[in-house]
Amino acid sequence: MRTTIGYTLESIGYVVGAQGLIGFASQTFFGTEWGWIHKVVDLPSAAYLGIVAVGSALVVAGVRTRRTPAPRRTA
């Protein structure tokens, strides 16, 4: 079960982090709105960096939640 939760958290973290990075880059360098977060809330450019941090934290939590495989026994 922890393996499933780990992969799920990690996958969500990648999506959230990518959306934050896209939102930051689009506002900072192009002056437009890309991604889907701007359709939900209106955020300044710096807040998108916080979203990238949240996505990174989810990825790290997902990786740490996965169970390490048991060592193989050799006969």
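Only a predicted model underlies this, so the values are computations on that prediction, with no experimental measurement involved.

Conventions and cut-offs
Residues numbered from 1 in each chain as written. Predicted model: local features only at pLDDT ≥ 70, side-chain atom pairs only at ≥ 80, totals over all residues. Heavy atoms only, no water. Helix = DSSP H or I, 4+ residues; strand = E, 2+ residues; numbered from the N terminus. Buried < 20%, exposed > 50% of the residue type's maximum accessible area, 1.4 Å probe, protein only. Contact = heavy atoms within 4.5 Å. Areas by Shrake-Rupley, 256 points an atom, 1.4 Å probe, with all protein chains shown as cover. Patch = residues over 30% accessible without salt bridge, like charges linked within 9 Å, V, L, I, M, F, W, Y side chains within 5 Å. Salt bridge = Lys/Arg side-chain N within 4 Å of Asp/Glu carboxyl O.

Peer 1: Explain the overall build of the protein chain here, please?
Peer 2: A count of helical and extended segments in the protein chain gives 2 helices and 0 strands. Here the protein chain, with 75 residues, has 21% of them falling under the buried criterion. Taking as baseline every contact in the protein chain between residues at least 6 positions apart, the subset at least 24 positions apart corresponds to 63%. Counting every atom, the protein chain has about 5500 Å² of accessible surface; 66% of that belongs to carbon and sulfur.

Peer 1: When you look at the environment of Phe-24 in this model, what are you seeing that I'm missing?
Peer 2: Within the fold, Phe-24 resides in helix α1 (residues 2–30). Spatially, the C-alpha atoms of Phe-24 and Ile-51 are 9.3 Å apart, while their sequence positions differ by 27 residues. Those residues in contact with Phe-24 that lie beyond four places of it in its chain are Ser-45, Tyr-48 and Leu-49.

Peer 1: Explanation requested: a nonpolar patch on the surface in the structure shown.
Peer 2: A surface patch of nonpolar side chains, amounting to about 380 Å² of accessible area, comprises Val-15, Trp-36, Val-40 and Val-41. Of note, Val-40 is situated in the loop between α1 and α2 (45–65).

Peer 1: Got a minute to help me understand the side chain of Gln-27 in this structure?
Peer 2: Structurally, Gln-27 can be placed in helix α1. A relative accessible area of 18% places Gln-27 in the buried class. Residues within four places of Gln-27 in sequence aside, it is in contact with Thr-32, Glu-33, Leu-43, Pro-44, Ser-45 and Tyr-48.

Peer 1: Looking at this model, I keep getting lost on the environment of Gly-20. Mind explaining?
Peer 2: Turning to its location among the elements, Gly-20 is positioned in helix α1. With 26 residues separating them in the primary sequence, Gly-20 and Ala-46 have C-alpha atoms 9.9 Å apart.

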